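# Descriptive analysis of the structure
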Amino acid sequence: VEPRPPALCPGCPHRDIYYAITKVFKKKKAIYPSDIGCYTLALAQGAIDSILCMGASVSMASGFSIADPEKTVVATIGDSTFFHGGIPPLINAIYQNHKFILVILDNSTTAMTGRQTTPARENKNVDIKKVVEGCGIECHEYHYTNKLDQTIDFFKGIKAIHENATGPTVVVVR
């Protein structure tokens, strides 16, 4: 059997989301930090630039937004990772007005490390959108569809919103 690098599972919605992000924000004009998790496999798509640890995509996005303000920083993080380590750096980014886009990929499971349930799945009162808004910032929500043109159009809208933002722009993709 010919060896091949790991990739996102066939049919995984994250594939389409990463495709749309790179289509809208363009590789040479953006920086794509990510986190450890199944979405790390977007590395094979050329859709992420850095991987460190749980929650690091948010703090790296803050640093990249300061280091290269000419580029759009689009960070991705999974739902479990957001609850585990993404909230404190998001609060700091809001407080410091760091300008980047954070895309939270909510598949309602901890897929890569054993399919543990997430806080939101255990208790509907713990909702990512509400948590983000509780940090003092608007959270844009997108319900995945396999109609790629709709996903691309959504991210074009986010790009327009972000151009006028003074701090982070947050999206949760369910």
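Refer to the structure above for everything that follows.
Here's what I pulled together on the structure shown here.

Calculation rules
Residues numbered from 1 in each chain as written. Predicted model: local features only at pLDDT ≥ 70, side-chain atom pairs only at ≥ 80, totals over all residues. Heavy atoms only, no water. Helix = DSSP H or I, 4+ residues; strand = E, 2+ residues; numbered from the N terminus. Contact = heavy atoms within 4.5 Å. Core = buried A, V, L, I, M, F, W, Y, C linked by side-chain atoms within 4.5 Å. Buried < 20%, exposed > 50% of the residue type's maximum accessible area, 1.4 Å probe, protein only. Patch = residues over 30% accessible without salt bridge, like charges linked within 9 Å, V, L, I, M, F, W, Y side chains within 5 Å. Areas by Shrake-Rupley, 256 points an atom, 1.4 Å probe, with all protein chains shown as cover. Salt bridge = Lys/Arg side-chain N within 4 Å of Asp/Glu carboxyl O.

## A short note on the environment of Leu-8
Locating Leu-8 in the fold gives a position in the segment before helix 1 (13-25). Not counting residues up to four positions away in its chain, the partners in contact with Leu-8 are His-14, Arg-15, Tyr-18, Cys-38, Tyr-39, Leu-41, Ala-42 and Gln-45.

## As for the nonpolar core
Counting 49 residues, the largest nonpolar core has Phe-25, Phe-82, Leu-102, Val-103, Ile-104, Val-132 and Phe-155 as the members making the most contacts within it. Apart from residues no more than four positions distant in its own chain, Phe-25 is found in contact with Ala-30, Tyr-32, Thr-72, Val-74, Ile-101, Phe-155 and Lys-159.

## A short note on a nonpolar patch on the surface
Judged by side-chain polarity, Ile-36, Leu-43, Ile-51 and Met-54 come together as a nonpolar surface patch covering roughly 320 Å² of accessible area. With respect to the helices and strands, the residue Leu-43 is situated in the loop between strand 2 (33-34) and strand 3 (50-51).

## Quick word on the side chain of Ser-50
Assignment of secondary structure puts Ser-50 in strand 3. We classify Ser-50 as buried; its relative accessible area is 15%. Those residues in contact with Ser-50, other than ones at most four positions away along the chain, are Tyr-32, Pro-33, Ser-34, Met-60 and Phe-64.

## Side note on the pattern of salt bridges
This model, assessed by the stated rule, comprises five salt bridges. A salt bridge links Lys-27 to Asp-49, with the nearest nitrogen and oxygen atoms 2.6 Å apart. Of the two residues, Lys-27 sits in the loop between helix 1 and strand 1 (30-31) while Asp-49 sits in the loop between strand 2 and strand 3, which places them 22 residues apart along the sequence. The salt bridge involving Glu-133 is made with Lys-129; its shortest N-O contact spans 3.6 Å. With Glu-133 and Lys-129 both in helix 5 (residues 128-134) and four residues apart, the pair spans about one turn of that helix. Residue classification places Glu-133 among the partly exposed positions, given a relative accessible area of 36%. For Lys-129, a relative accessible area of 24% corresponds to the partly exposed category. One salt-bridge network, held together by shared partners, links Asp-106, Asp-127, Glu-141 and Arg-174.

It is worth stressing that arrangement in space is one thing and function is another; only the former is reported here.
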